[in-house]
Amino acid sequence: MQFISGYALAFSVLFPTGFCSGPLLPYRDASRGVDERVEDLLHRMTVAEKAGQLFILQLDMGPNGELDEGDVAAHRNRTDTLIGEFFVSHFHISGTVEDATERAEWYNRVQKRALETRLGIPVTLATDPLHRYSETTDSGLSQWPGTLGLAALRDARLVRQFADVARQEYTAIGLRTALHPQIDLVTEARWARSSNTFGEDADLTAELLVAYIKGFQGNEIGPQSVSTVTKHFPGSGPLEDGEDSHFAYGKNQTYPGDNFEYHLKPFRAAIKAGARQIIPAYGRPVGTKYEEVGFGFNKEIVTGLLKEELGFDGIVVADWNLITDFFVEGEGWHPARAWGLEDATELERTIRILDAGADIIGGESRVDLIQQLVREGIVSEERLDASVRKLLREKFLLGLFDNPFVDAEEAGRIVGNEDFVRQGNDAQRRSYTLLTNKNQILPLRDLAAETKFYVEGVNAALIEDRGFAVVEQPEEADYALLRLVAPYEPRSGVLEAGLHAGSLEYSVEERARQAAIYAAAPSIVDINLDRPVAIPEIAEQAAALLASYSSSTEAFLDVVFGVAEPEGELPWDLPRSDAAVENSMEDVPYDTRDPVFKFGHGLRYA
């Protein structure tokens, strides 16, 4: 089927038997004001239809771009059930976009199914970040350094340029909500979720996030915008011992330096810049004036601080899996992340989330709980209306009621196009941060053809393509090139394995192995800094040390051989040891003793 622009025209094609016959209802009339259309639609909705609006959960694509038929074993409902019976209209995708045209066609099928419901409320589709380069997966979109790499370049114009490119690629395939930026401050170096932040500095984060939000949303929200979801309020960086609040052992958020206000700085800037949606953090505050329950349940935080004190009047998104236990394929059931309310019932948790001030609840589809609360008079329908009104208004402002479909063929031309790819590749190279460069060894230019390299983490064919030889042992080499993963403590859980936590030091055995290479040949080391590592031995022993923030091997080689030059500066301190971090305070920046490199360090080629 060929999907076309224009809500009314789309209806006439998709529903030729008379769906649009009779007078045009006010909420479908694009000539009317948004507020009038919202109120008209809201008053037509049943409690069940309103309840469905209050949830956002994952929506999978079926084979060949068809609607997903669900999976009983994986506890996943059919798309038809979620839209047609639960009346859910907010979803997020997961995984990669292997074929933009197919993804766009699937999105159009989803919208068609939504339009077949009684009121025809269109779907809003969201995603976590998709543009950070990965060696192991190809998202199908242009590939950029992570936000840490953008922070390393200190260039707000580039951040806005990136966000505008991402906006165009998102909207081409129907993605209208970005579950980012993540503006937590990495004041606890061991924290496992550092990789999608802008680093440690509140002022730099505040400056860059404004450009980020403006690039996705434009100067005002509209039909070409992507609505941003800023997270995790009031800043998820100061977690006790650097553990992560996805897990019960990491639920405590602590402020031994009484530095709560520092972590609010980026959120103040985001609200001023027009942030549309905000997610409270999972953690629970300990040792503060606030109740020791998870931030998503915490009325003092969500209503008192975020809404009343900071003046945020947008959409509050309760983070995923706060109410019900959830199933992880390959691992089984996990308890809900109801920190401080572990013994509460599902109904009690739902009441707390609504009372705190959330408008939409992530990772759940418990419409039955909402309906029960209204039926029993515990929650008023007017309380539902307050949130549904915001959610519907966002859909209208994004133009989804008037133009819910995308051009699938055009999506194939926009997503991952040559210009966007070039911009991302250039940013990968520029974001490299040169930490040491002994005797100005870099860049390696004008090398003899017989130059021999020992490599780790580098495809040998890429060296040979540049006319050089690759040898098996470092002792045989003129130079060694190593691309290293930042040190972390491997953990066994499916969810935990994806988060790099624990020690920031390489093991004794790994340090000895590397030292032998550094002694055998002049070594150029690239570490992917997804966390602030403690590597004084590499700084001392390697001939040159580079930091990157998710980049390709080709980008690394271009920097090594002087085709491109590193322009980055560290977005955080690099501590001297685990002990230095353990003796610091979780909420205070730049407080580890004698860091190896300080925030802002970055050399240039001579």
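Quick caveat, the model's predicted, so the values are computed rather than measured. (Residues numbered from 1 in each chain as written. Predicted model: local features only at pLDDT ≥ 70, side-chain atom pairs only at ≥ 80, totals over all residues. Heavy atoms only, no water.)

*Asks:* Give a description of the overall build of the protein chain that names residues and reports values.
*Replies:* Helices and strands together make up the secondary structure of the protein chain, namely 21 helices and 18 strands. At 25 Å, the protein chain has a C-alpha radius of gyration in line with the 25 Å of a compact globule built from 606 residues. For the protein chain, buried positions account for 60% of its 606 residues. Taking contacts inside the protein chain between residues at least 6 apart in sequence as the whole, the part at least 24 apart equals 76%. Here the protein chain has roughly 23200 Å² of accessible surface; of this, 47% comes from carbon and sulfur atoms. For the protein chain, the centre of its 58 positive side-chain charges and the centre of its 97 negative side-chain charges are spaced 5 Å apart. (Helix = DSSP H or I, 4+ residues; strand = E, 2+ residues; numbered from the N terminus. Rg over C-alpha atoms; globule rule 2.2 N^0.38 Å. Buried < 20%, exposed > 50% of the residue type's maximum accessible area, 1.4 Å probe, protein only. Contact = heavy atoms within 4.5 Å. Areas by Shrake-Rupley, 256 points an atom, 1.4 Å probe, with all protein chains shown as cover. Lys, Arg positive; Asp, Glu negative; His and termini not counted. Charge placed at Lys NZ, Arg CZ, Asp CG, Glu CD.)

*Asks:* Kindly report on the sheet that holds strand E7 (residues 277-280), identifying the contributing residues and their values.
*Replies:* Taken in spatial order, the eight strands close into a barrel running E1-E2-E3-E4-E5-E7-E9-E12, and their pairing is parallel. Each strand of the sheet is rotated relative to its neighbour by a mean of 30 degrees, with strand direction disregarded. Where strand E1 (residues 55-58) meets strand E12 (residues 360-362), two bridges bridge the pair, whose relative direction is parallel. By the bridge assignment for E12, isoleucine 56 is matched with glycine 362. (Pairing = 2+ DSSP bridges. Axes fitted to C-alpha atoms, helices over the stretch in contact; angles between N-to-C directions.)

*Asks:* Give me the lowdown on the confidence of the model for the protein chain, citing residues and values where you can.
*Replies:* Overall, the predicted model of the protein chain reaches an average pLDDT of 95, with 96% of residues at or above 70. Within the model, the stretch residues 1-21 combines pLDDT values under 50 with 39 contacts to residues more than four positions away or in other chains. (pLDDT = per-residue confidence, 0-100.)

*Asks:* Give a detailed account of the nonpolar core, specifying residues and quantitative values.
*Replies:* With 121 residues, the main nonpolar core has Leu41, Phe91, Phe216 and Phe233 as its most contacted residues. With sequence-adjacent residues up to four places away left out, phenylalanine 216 is seen in contact with Phe162, Ala163, Ala166, Arg167, Tyr170, Ala178, His180, Ser225, Val226 and Thr228. (Core = buried A, V, L, I, M, F, W, Y, C linked by side-chain atoms within 4.5 Å.)

*Asks:* An account of the sheet that holds strand E15 (residues 469-470) is needed here, citing residue identities and associated values.
*Replies:* Strand order in the open sheet formed by six strands is E13-E18-E17-E16-E14-E15, and the pairing between neighbours is mixed. For this open sheet the edge positions go to strand E13 (433-437) and E15, each flanked by a neighbour on one side alone. Sheet analysis places strand E16 (residues 479-485) next to strand E17 (residues 523-528), joined by six bridges and oriented parallel. Across the sheet, the residue bridging to leucine 484 is isoleucine 527, located in E17. Contacting strand E14 (452-456), E16 and E17, helix H18 (residues 508-520) crosses the sheet at an angle of about 155 degrees to E16. Set on the sheet, helix H20 (residues 553-560) makes contact with E16, E17 and strand E18 (544-548); between it and E16 the angle comes to about 140 degrees.

*Asks:* Any chance you could break down the pairing of E14 for me, citing the residues and the numbers?
*Replies:* Buried residues dominate E14, accounting for four of its five residues. Strand direction decides the pairing type here: E14 and E15, joined by two bridges, are parallel. Each bridged residue has a counterpart across the sheet, and for phenylalanine 453 the counterpart in E15 is valine 470. Two elements, E14 and E16, share four bridges in a ladder whose sense is parallel. Across the sheet, the residue bridging to valine 455 is leucine 481, located in E16.

*Asks:* Summarise the packing of aromatic side chains; cite the residues concerned and give the values.
*Replies:* All chains considered together, the criterion is met by 19 aromatic pairs. Measuring from ring centre to ring centre gives 5.5 Å for phenylalanine 468 and phenylalanine 561, while their planes differ by 25 degrees; the resulting arrangement is stacked. Pair noted here: phenylalanine 468 is in the loop between helix H16 (460-464) and E15 and phenylalanine 561 is in the loop between H20 and helix H21 (578-582), with a separation of 93 residues, a long-range link. Considered together, phenylalanine 468 and phenylalanine 561 belong to a single accessibility category, that of buried residues. Following the ring pairs from residue to residue traces out a cluster consisting of Trp144, Phe162, Tyr170, Phe198, Tyr212 and Phe216. (Phe/Tyr/Trp six-rings, centres within 6.5 Å; stacked < 30°, edge-to-face > 60°.)

*Asks:* Give a detailed account of the UniProt feature "domain: Glycoside hydrolase family 3 N-terminal" (unreviewed entry) in the protein chain, specifying residues and quantitative values.
*Replies:* In the numbering adopted here, UniProt assigns the feature "domain: Glycoside hydrolase family 3 N-terminal" (unreviewed entry) to residues 47-393. Between the first and last C-alpha atoms of residues 47-393 the distance is 18 Å; the span itself is 37% helix and 13% strand. (UniProt positions renumbered as here; feature names shortened; annotations may be inferred.)

*Asks:* Break down the domain arrangement of the protein chain for me, citing the residues and quoting the values.
*Replies:* Domain annotation for the protein chain reports domain 1 (26-52 + 144-405) and domain 2 (420-583). Inter-centroid distance (C-alpha atoms) of domain 1 to domain 2 is 35 Å. At the boundary of domain 1 with domain 2, total buried surface from both sides reaches about 2800 Å², with 63% on carbon and sulfur atoms. If you sort the residues of domain 1 by the area they bury against domain 2, Trp144, Leu153 and Arg190 come out on top, with a joint share of 21%. The tally of links from domain 1 across to domain 2 stands at three salt bridges. Linking arginine 154 and glutamate 569 is a salt bridge whose minimum nitrogen-to-oxygen distance equals 3.7 Å. (Domains from an automatic or database assignment. Buried area = accessible area lost by both parts, 1.4 Å probe. Salt bridge = Lys/Arg side-chain N within 4 Å of Asp/Glu carboxyl O.)

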